[in-house]
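Descriptive analysis of the structure
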Amino acid sequence: MSSDNISTEASTADSPAAPVGIDVLLERVRAGLDRVSAGEAAEEAAAGALLVDIRYAALRDRDGLIPGAVVVERNELEWRLDPRGSHRLPEAVGHDLRIVVVCNEGYASSLAAASLRQLGLHRATDLIDGFQAWKAAGLPVV
């Protein structure tokens, strides 16, 4: 290998990726997720999937909670769900865990699920249209 190739590879690795807008990023992220509807999320939770509510406190206070969902603020998500992490939740038992991330309307949850997949939680996904879809479907809220 010539020194020119090494130099080119190093500069490519050090240069930032071309910028994309949030809509493009969201589209790319969602292409890699098997997103679920509210009814599917309820079925998966009944079968043992972990529902993770990342909405901030004001929304939870205003709209309520999904019974059985674990509340994890978005800024703590990766630390709490990494099965190898020192700050993990007891529910974070392994990388095969099915996780359905729930935000308010299904946007932030897609990005959060993609982040969990980068940690090796390959079955992580999110709820299409978020908590609002759960509530609109008449599913339980406390």
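About the cut-offs
- The numbers attached to residues start from 1 for each chain and follow its sequence in the written order.
- Selection of residues for local features in this predicted model requires a pLDDT of at least 70, selection of side-chain atom pairs for listing and counting requires 80 or more, and totals for whole chains, interfaces and linings are taken over all residues.
- Only heavy atoms go into the side-chain values, all of them from the structure, while hydrogens and water stay out.
- Working definition: with a 1.4 Å probe on protein chains only, accessible area under 20% of the residue-type maximum means buried, over 50% means exposed, and in between means partly exposed.
- Runs of H or I in DSSP of at least four residues are treated as helices and runs of E of at least two as strands, each being numbered from the N terminus.
- Two strands qualify as a pair provided that DSSP identifies no fewer than 2 bridges between them.
- With the strands pointing away from the viewer, any crossover whose connection runs clockwise from the first strand over the helix to the second is right-handed.
- Only the stretch in contact is used when fitting a helix axis, every axis being a line fitted to C-alpha atoms; angles between N-to-C directions are given from 0 to 180 degrees.
- What sets the label is the angle itself: under 35 degrees gives roughly parallel, over 145 gives roughly antiparallel, 65 to 115 gives roughly perpendicular, and the rest give oblique.
- What makes a crossing left-handed is the near helix being turned counterclockwise from the far one by less than a right angle; a clockwise turn instead makes it right-handed.
- The contact definition used throughout considers only heavy atoms, calling two residues in contact when any of these lie within 4.5 Å.
- Each patch is assembled from residues with relative accessible area greater than 30% and no salt bridge, linking like charges that lie within 9 Å and nonpolar side chains (Val, Leu, Ile, Met, Phe, Trp, Tyr) that lie within 5 Å.
- Here the open area of atoms and residues is found with the Shrake-Rupley method and a 1.4 Å probe, where only the protein chains shown may cover a residue.
- Basic side-chain nitrogens of Lys or Arg form a salt bridge, by our definition, when they fall within 4 Å of a carboxyl oxygen of Asp or Glu.
- The rule is short: rings of Phe, Tyr and Trp, with Trp giving its six-membered ring, pair when the centres are within 6.5 Å, and they are stacked under 30 degrees, edge-to-face over 60, tilted in between.
- Criterion for a charge above a ring: Arg CZ or Lys NZ at most 6 Å from the ring centre, at most 35 degrees from the ring normal.
- How sure the predictor is of each residue is captured by pLDDT, a score from 0 to 100.
- Any N or O atom pair separated by 3.5 Å or less is treated as a polar contact, with the protein-specific requirement of one donor-capable and one acceptor-capable atom, and with residues adjacent in sequence counted only for side-chain atom pairs.

In this section: the pairing of strand β1 (residues 50–53). Along any regular strand, the residues point their side chains to alternate faces of the sheet. Residues of β1 alternate between two faces, with Leu50 and Val52 on one and Leu51 and Asp53 on the opposite face, all of them buried. Pairing between β1 and strand β3 (residues 99–102): four bridges, direction parallel. Across the sheet, residue Leu50 finds its bridge partner in β3, namely Ile99. In this sheet, strand β2 (residues 70–71) lies alongside β1 in parallel orientation, the contact comprising two bridges. Paired with Asp53 across the two strands is Val71, which belongs to β2. In this fold, the crossover linking β1 to β2 by way of helix α4 (residues 57–63) has right-handed handedness.

Helix-helix packing is described using two parameters, namely the angle between the two axes and the distance between the axes. The N-to-C vectors of helix α2 (residues 22–31) and helix α6 (residues 108–118) enclose an angle of 55 degrees; their axes lie 9 Å apart at closest approach. When the interaxial angle is binned, α2 and α6 end up oblique. Regarding α2 and α6, the two cross each other, and that crossing is left-handed. Side by side, α2 and α6 meet where Ile22, Leu25, Leu26, Val29 and Arg30 of the first sit next to Ser110, Leu111 and Ala114 of the second.

Attention shifts here to unusual backbone geometry. A positive phi is found at Asp129, a non-glycine position, where the angle reads about 65 degrees. With respect to the element layout, Asp129 can be found in the loop between β4 (125–126) and α7 (130–136).

The next point concerns α6. Within α6 the residues assigned to the buried category are Ser109, Ser110, Ala112, Ala113, Ser115 and Leu116. Looking at the buried side of α6, the elements it contacts are α2, α5 (77–81), β3 and β4. Among the residues trailing α6, Gly120 stands out with phi positive, at a value near 100 degrees.

With that out of the way, let us pick up a nonpolar patch on the surface. Where nonpolar side chains cluster on the molecular surface, the patch consists of Val20, Ile22, Val24 and Leu25 and spans about 300 Å² of accessible area. Among the structural elements, Val24 can be located in helix α2. Take Val24: its relative accessible area is 37%, and that puts it in the partly exposed class.

Moving on: the packing of aromatic side chains. Taken as a whole, this structure holds zero aromatic pairs when the rule is applied. Geometry around Phe131 places Arg55 over its ring, the cationic atom sitting 3.8 Å from the centre.

Summarising the model, the protein shows a mean pLDDT of 91, and 90% of its residues fall at 70 or more. Contacts for the low-pLDDT stretch residues 1–11, under 50 throughout, to residues beyond four places or in other chains number two contacts.

Looking now at the side chain of Asn104. Position of Asn104 among the secondary structure elements: in the loop between β3 and α6. Within the local environment of Asn104, its side chain forms a polar contact with the side chain of Gln132, the two groups lying 2.9 Å apart.

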